[in-house]
Structure formats: C-alpha cells, structure tokens
Amino acid sequence: MNAPDLPGAAFDRFLVSTAPRSRDRRPWTTADGAMPALYLSHGAPPLFDNARWIDQLFAWAQALPTPRAILIVSAHWESAPLTISASAADTPLVYDFGGFAQRFFQMTYATPDASELAAKVASLMPDTEPVHQDTRRGLDHGAWVPLKVMYPDGDVPVLQMSMPTHDPQRLMDLGARLRPLREEGVLVIGSGFMTHGLPYLTREAFFDNQVPSWSRDFDEWAADALARGDVDLLSAYRDRAPGLRFAHPTVEHYTPLFVTIGAATAADAPVQTTIAGYEFGLSKRSFQVA
C-alpha cells in the first residue's frame, strides 16, 4: 500500500517539474497594451495538494506578460476606510486560516518593494475615498496562496487593498479608478470563490467532489450573466441569483468580481473564462477582462 502524500506534495512536485518555466516569462512592455484584470477563485492551503488546479493557475500566468506589479483585492480583508497593505519588501504573510497542516503556516512568499504602486493607488482615489496604509499587514491567504502558484519566484511586487464595501456599484467605481494602472503593466486581481457555501458542504462534496445543486445553479447563473456582460443582473444577485443563501451565506467571496469588472475597459463586455469546474463541490470559476 502506498503511503499518502505529505501536505503540499503536489506543490513540491510542481516546484521541481514545472515552476522553473516561470523564469522564461516575457516581461510586460507598453507594446502589449493594458494588462487584463482577473477574478480568481483562490482556494486555500488545499490548493497546494491539487496538481490540476496548480497547473491551471500557473498556465494562466504564463499566458500573460509578466506584470510590473500586482494589486489584489481579497475576500479576506474587509476593511473601511480603504486600506492598503504594507509595501515594504519581504513583509510577513497573514496566516488567516485554521485546521490545516503546520507546513502551511510555515510557507513564505517574499516579494519586492511595492511602494511605487502604493503611491499610485493613493493618487488615483478621490478625496471622498482616502487611502490608509497598514504598515504591519502582509498578504492574506486570498492573495499569497494563488500568487505563490502563479508567480512562484516571488519576483513581482504585490500590494493588497481592502474591500471597503459589498455594494456592487461602489466596487465597480473603485475598479474604474484602478483602470489606469493596467496601462502601466499592473495586474489588477479580485480574489474570491465563485461559490463558497462551506457550512453546507457534505462529506460527499469534500471527499468525492459531489456538486450540490445550489453550487451548480449559482455557477451556471453567474456564467451566463458573465458571458453576456449582464452587469445589472450580476449586481442584483441578492434578489436574482439562485441558491444564494447556500452558495454565499456571506458574500465577500463573490463581490471582488465587481472590482475586476469595474477595471475592465468596458464593464458590460463578455468575460474570458479561464478556469471552470468544481473543487469540494464549490465552483472555482475564474475569468479575465480586457
């Protein structure tokens, strides 16, 4: 009988077999035009045990020019007024999860200084949206877990921004303020999870990836609206989305997509889905906008 893999073994294999290709990435130049903006379903430490998901995220990053910097809004930092994370190089991570193997609490992700990006973000905000900086706060797992796979060398400056509201219009307005960063080679990311009904997952969902009807119904509703660029429908999710009570008992994993849509050149343009499917019965749908 084969011994079970150690926690994070799929990630360890990735670091040896696939991650070295990251060094061949082509850096962004002005000739590339604006970087896209992304919405990704970020997973948590179990991502490091999922070889297919690791490959999907890495391939997505490899298909893009290497950004000059990354600005990420994570479901796991809800804070008003608007706040940005520490911008110094090598700021310690936030291990905002529990119940996982100790190995995941010892992972690091040292990234370069992001002070230039912090200053640009602050300059883009109106007087009605002052930007504060928490110089002690590092990246939380909604940021560092997927980025550790997408950019394993940690060679791109990363700044995290809090989500100050769940109001779709205000988040889209915030994304629109960030849009000029894309013209400067900055990758803007909203990090959430297309369905996130953890309290309602069954044993079959956890161990056999059996998809609950509420997860499938919500995902199909969102996929259809995104494919049509129906921002009004996506914004009316509280009244219009099927299975919302179970798919998003709290909505912080859904609403980061409004930052992404707001940062698009045209908010009502259809998105490009890059990752679909389910993990633990939850939709990991992820997309990019031009």
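Just above sits the structure.
Residues numbered from 1 in each chain as written. Predicted model: local features only at pLDDT ≥ 70, side-chain atom pairs only at ≥ 80, totals over all residues. Heavy atoms only, no water.

**With respect to the overall build of the chain**
Here is step 1 of the chain: When helices and strands are tallied, the chain shows 12 helices and 10 strands.
Here is step 2 of the chain: Computed over C-alpha atoms, the radius of gyration of the chain comes to 18 Å, within 12% of the 19 Å expected from 2.2 N^0.38 for 290 residues, which places it in the range of a compact globule.
Here is step 3 of the chain: C-alpha atoms of the chain, sized along the principal axes, occupy 60 × 45 × 35 Å.
Here is step 4 of the chain: Taken over 290 residues, the chain has a buried fraction of 54%.
Here is step 5 of the chain: Considering only contacts in the chain between residues 6 or more positions apart, those separated by 24 or more positions represent 83%.
Here is step 6 of the chain: Charged side chains in the chain number 24 positive and 33 negative. The centres of these two groups are separated by 2 Å. (Helix = DSSP H or I, 4+ residues; strand = E, 2+ residues; numbered from the N terminus. Rg over C-alpha atoms; globule rule 2.2 N^0.38 Å. Buried < 20%, exposed > 50% of the residue type's maximum accessible area, 1.4 Å probe, protein only. Contact = heavy atoms within 4.5 Å. Lys, Arg positive; Asp, Glu negative; His and termini not counted. Charge placed at Lys NZ, Arg CZ, Asp CG, Glu CD.)

**Description of the pairing of strand β6 (residues 186-192)**
Here is step 1 of the chain: In terms of burial, β6 is largely enclosed, as 7 of its 7 residues are buried.
Here is step 2 of the chain: Of the two faces of β6, the one holding V186, V188, G190 and G192 and the one holding L187, I189 and S191 are both buried throughout.
Here is step 3 of the chain: Summarising the sheet, strand β1 (residues 37-41) and β6 pair through 5 bridges and their orientation is parallel. Across the sheet, residue A37 finds its bridge partner in β6, namely V188.
Here is step 4 of the chain: The pairing of strand β2 (residues 69-78) with β6 spans 6 bridges and is parallel. From the neighbouring strand, V73 faces β6, where its bridge partner is G190. (Pairing = 2+ DSSP bridges.)

**Overview of the packing of helix α1 (residues 9-17) against helix α2 (residues 51-62)**
Here is step 1 of the chain: In the contact formed by α1 and α2, the axes pass within 9 Å of each other and the chain directions differ by 45°. When the axis of α1 is compared with that of α2, the two are oblique. Classified by chirality, the crossing of α2 by α1 is right-handed. Residues A10, F11 and F14 of α1 form the contact with α2, whose participating residues are A51, I54, D55 and F58.
Here is step 2 of the chain: In terms of residue class, the contact of α1 with α2 is built from 6 nonpolar, no polar and 1 charged. (Axes fitted to C-alpha atoms, helices over the stretch in contact; angles between N-to-C directions. Parallel < 35°, antiparallel > 145°, perpendicular 65-115°, else oblique. Left-handed = near helix turned anticlockwise from the far one by under 90°. Nonpolar A, V, L, I, M, F, W, Y, C, P; charged D, E, K, R; others polar.)

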